[in-house]
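Below, each chain spelled out in residue letters.
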Amino acid sequence: MSRLVFWRLARAGLAIWTLASVVFLLSHRDAGAAVQEALAEVSDVQTDRTATTSAERLAAQAAVRERLGLNMPLFYISQGSNQQEPTWQWNGLHNQYHQWATGLLHGDLGTSYRNGQPVASRLGAALSFTLPLTGTAAVLAILAALALAQRLAASPWWQRPVRTLLVTVHALPLFVVALVLLLAFANPDAFAWFPAYGLDQPADVGSGTWSQIATYLMHMALPVSALTITAIPELTLQLDAALTQELHADYATTARAKGLDEGAVIRHHALRNALLPTLTQIAELLPALVAGAVVVEVVFALPGMGRLLAEAAAARDYPVLVGGILLTGAARLLALLLADLFYFWADPRIRWQS
Amino acid sequence: MLQPNQAAIDANNLLHVCLLQPDIANRKYGPALATSLPAVELVGDSLSKLAYDIRPTAAWDNGRPVTARDVEFTLKLMFCPGLPNEVARNRYRFIRAVLTDLKAPQHFTLVCRGQALEYVEASGDFFILPEAAFDPRGQLRRFSLVDLQKRATTAPPDSALQSLAQRYQAAEAGHPGQVPGCGPYQLVKWEKDRYLTFRRKPQWWADRLQPVPIALQARPKQLDYVIIPDAATATLALRRGDIDVYPQIPAREFARLRASPAAAALNFYSTTSYDVVMAGFNTRRAHLNDALTRQALSRFFDAAGLLKATQLGDGQRTVGVISPIEKENYNDSLALIPFDPAGATALLRQAGWQRGPAPGTGWTRKSANGDLQQLRLAMRYRAEGSLFSTVALQFQAAAAGLDIPVTLQPTESGAFSSSLKAGDFDVYVGVRKGNPFMFNFTPVFHSLGIDAGNTTGFSSPASDQLIEAIAAADSKTHRSQLLRRFQALLQQEAPIVPLFFLPNRIVASRQLTNLHVGSLKPGFMATTIERVPKPSAAP
């Protein structure tokens, strides 16, 4: 088992490294856009006080390239400029990829092009806001789906309307759900029960700890609800369908013949088998936990990974972007590994086959 | 020193003071840290000297006076290697030396390369930083400004410059509030992507001035800037009273709010900004390199309809890139370009285009070398928002009515800039930011700007001469005449089609008073705002 885990981890590590390298090389091929972003935008140039000469423009571009470390060759090898006969030249270790890879091995993800802050600290700060939001929503959605699916599988009278409602909510985009919650529960024309944005207000700073916790919970209520509401239908409908299928299996009939009530059949016999596809879904939530929820972060004006990465992509802040992709990619591959391990735990047939 | 956005400029205006600052009400620069506008002396035909005096009361937080040494240090810092100062380098390169006077530490003279009316404003619109805080041993004094400006990137590193750059970056990276300023506010809290809180200094040097100039007024004790990306959320926050002012509010939210019962508690302001929405033609393309074709295509834009559709009637149509609110410079003798597809047909025929006999065959003409040209266009615009896509769709529909196919190319913001620079478009739609102070069009319309800011690739000896004459004009009257001629020339040559100037929309709580709004960004002055005093309870 441990050997299997080791090999899976090694393969996942290699895949993450390859993913990050490809993203690094592809993004840094477009370094001109980052340089342009650091200087005035072409389409929005103001009428300026002095005309810069071509030499001054080139000098400014060269200075930006040097400051951002983009003046070095991109990779160990590069194609020569001879148009007639393409040639390859060796650049040695003095190249952007080597610098980045060496830094990464030492835990240095580089510095942001936009504000010069270390990428690791920016990602860490964003994660500290994102994880409580997405983590809470994921836990609540899983618990709600487990509870709801078990009751739905028992065929109560409200099974059909609830399934219809779940399918309807499943069809709604996240931004619609978020805006409906905002306009319903943070609106002076409806119910102004919750704050409209942020995690706290500047005026709250300096209040007591319990007051700050209460403020934080009030601010998190609507964003967490939006994420939870949109995650519940998929998990519930899948688990409900799997449970319904399992309850038609012979072992469930046998359990009922032994005199067990329907609830006990679901909890003690059908649930574990029905959970297998749901485990994959839960594992899929992990990268989403790390990547953040850009829609909810924008609607409720929350800081987090989603906004950080979206803004980094728009501003061509490649170090932040590559760091974010590295983190999200790692979370996805680890999620796949975790899903496999859960399968081993949940289904003895897989253990025996392997 | 990083490329600032408007929010950063607004925040810095609270922490720091420039020699001169624009007055949002009368759209003119006035003295801030300086006692008055600089006295200008022209030296020969290639140098200017601008003499400034710093207000005697101006002081840093530790009581030290702000001196000419601080101005000199700030300018040198803009050219210090190892700092993200590339934009500042190009912007202030025209200042070649700072002449200080040991006997009068608050008097100095800026020696500038060239002569231009704009130098009065341009020489004084940068924040002054304290030399003592960053360079207590005065190591930068051994370099002249020109030395630093001419310093090659390959020059061996200098330990003094390196340590100075490190000190500055450490202060900037830790907390921008750690960079000491002589402005009225201190940054007491900055929660990234959430809010910034500024608190007024209890003792600020400008309090001793009588009367306090509007640029130096600082009435609110605390200012909170909240970052709310979504317009619906920001509108809710305003209605709940969580925020007092909502600047740059989108047109639809503005109209919706004004029509709602909540309007009774709010004040609504709309002024014309200096940002012009315009289309540009790639004059390097063979089928767009003649003025008649461009004039014809200009008539496919329904500027009045677009203004109504996208800005709900606010904003202002224009004949050129000078705002109509600049009465002395705006050429009001020119007619607005009409939405006139029939007139466009006639102009296209004059340009040598022939419409095919069957629908769908489009327009063709033979070039001078006998090649057959087809009139079909690719229109590029930023994908975000609905403004540009509305303009593009309207143009496409109007052109389709005359059998001219237009391919729309909505493009991500960064890729859009790259495409414009590379000339990868036939027509583009965008916004050009302007101001009422600077009229040097060399980067955007001169032949020297081709392959850089001159995205349309248009230039002619006449336009180059006119642009140079505007930049070198020796009086405002003469410059106004030249600017009017320039607008006429641009309308005649039609490399661009200025459609309308965007409005600045602001909604504010009625509990506020003394809110000055204007056309300059950010559209209002935060530092003059006061709350309406609550009526005292009856005895």
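Residues numbered from 1 in each chain as written. Chains lettered and ligands numbered in written order. Predicted model: local features only at pLDDT ≥ 70, side-chain atom pairs only at ≥ 80, totals over all residues. Heavy atoms only, no water.

Q: Please clarify how the overall build of chain B should be interpreted in this entry.
A: Helices and strands together make up the secondary structure of chain B, namely 17 helices and 23 strands. Scaling as 2.2 N^0.38, a compact globule of 539 residues should have a C-alpha radius of gyration of about 24 Å, and chain B matches this with 26 Å. Along the first, second and third principal axes, the C-alpha set of chain B runs to 80 × 70 × 40 Å. Counting only contacts in chain B whose residues sit at least 6 apart along the sequence, the fraction spanning at least 24 positions is 67%. Separation of charge centres in chain B, based on 59 positive and 46 negative side chains, amounts to 2 Å. (Helix = DSSP H or I, 4+ residues; strand = E, 2+ residues; numbered from the N terminus. Rg over C-alpha atoms; globule rule 2.2 N^0.38 Å. Contact = heavy atoms within 4.5 Å. Lys, Arg positive; Asp, Glu negative; His and termini not counted. Charge placed at Lys NZ, Arg CZ, Asp CG, Glu CD.)

Q: Would you mind showing me how to read the overall build of chain A here?
A: Helix and strand content of chain A: 14 helices and 2 strands. Against the globule reference of 20 Å for 354 residues, chain A gives a C-alpha radius of gyration of 26 Å, more extended than a compact globule. The C-alpha extent of chain A, read off along each of the three principal axes, is 90 × 60 × 40 Å. A separation of at least 24 residues holds for 67% of the contacts in chain A among residues at least 6 apart in sequence. A total accessible area of about 18,000 Å² is found for chain A, and carbon and sulfur atoms account for 65% of it. Side chains of chain A give 22 positive and 24 negative charges; the mean places of these two sets differ by 9 Å. (Areas by Shrake-Rupley, 256 points an atom, 1.4 Å probe, with all protein chains shown as cover.)

Q: Help me understand the sheet that holds strand β13 (residues 354-355) of chain B in this model?
A: Residues and elements named next belong to chain B. Read across the open sheet, the 3 strands follow the order β13-β14-β15; overall the sheet is antiparallel. In this open sheet, the two edge strands, each paired with only one partner strand, are β13 and β15 (372-374). Pairing of strand β14 (residues 363-366) with β15 involves 3 bridges; the strand directions are antiparallel. From the neighbouring strand, R365 faces β15, where its bridge partner is Q373. (Pairing = 2+ DSSP bridges.)

Q: What should I look at first to understand unusual backbone geometry in this one?
A: Glycine aside, negative phi is the norm for most residues, and most peptide bonds take the trans geometry. Residues and elements named next belong to chain B. For the peptide bond that leads from Q210 to P211, omega is -10°, which places it in the cis range. Relative to the helices and strands, P211 resides in the loop between β8 (195-200) and β9 (222-226). At the junction of K521 and P522, the peptide bond is cis and its omega measures out at 0° in the coordinates. Of note, P522 is situated in the loop between β21 (516-517) and β22 (524-525). The phi dihedral of D403 is positive, around 65°, even though this residue is not glycine. Judged by relative accessible area, which is 16%, D403 ranks as buried. Notably, N514 is not glycine yet its phi reads approximately 65°, a positive angle. With respect to the helices and strands, N514 occurs in the loop between β20 (512-513) and β21. (Buried < 20%, exposed > 50% of the residue type's maximum accessible area, 1.4 Å probe, protein only.)

Q: Is there a simple way to think about the confidence of the model for chain A in this case?
A: Any residue range with low pLDDT should be treated as having predicted coordinates unsuitable for detailed reading. For chain A, the average pLDDT comes to 87, and 94% of its residues sit at 70 or higher. At the level of individual helices and strands, chain A shows its lowest average pLDDT in helix α14 (residues 348-353) of chain A, which scores 76, and its highest in helix α6 (residues 159-171) of chain A, which scores 96. (pLDDT = per-residue confidence, 0-100.)

Q: Teacher, can you tell me more about helix α5 (residues 119-153) of chain A here?
A: An α-helix turns once per 3.6 residues; consequently, residues spaced three or four apart project the same way. Residues and elements named next belong to chain A. Between its terminal C-alpha atoms α5 stretches 47 Å, which fits the 51 Å expected from 35 residues at 1.5 Å a residue. Remark: the principal bend of α5, roughly 30°, maps to T130, with a proline, P132, within the next four residues. Looking one or two residues past α5, S155 carries a phi angle of roughly 55°, positive in sign. (Expected span 1.5 Å × (residues − 1). Bend = angle between axes of the 7 residues up to and from the residue.)

Q: Help me understand the sheet that holds β9 of chain B, please; the structure alone is not making it clear to me.
A: Whenever strands of a sheet pair, they do so through backbone hydrogen bonds, lying parallel or antiparallel. Residues and elements named next belong to chain B. In space, the 3 strands of this open sheet follow the order β7-β8-β9, with antiparallel pairing throughout. For this open sheet the edge positions go to β7 (185-191) and β9, each flanked by a neighbour on one side alone. Across this sheet, the average inter-strand angle for adjacent strands is 15°, counted without regard to direction. Sheet analysis places β7 next to β8, joined by 6 bridges and oriented antiparallel. Note on β8: the bridge partner recorded for K189 is T197. (Axes fitted to C-alpha atoms, helices over the stretch in contact; angles between N-to-C directions.)

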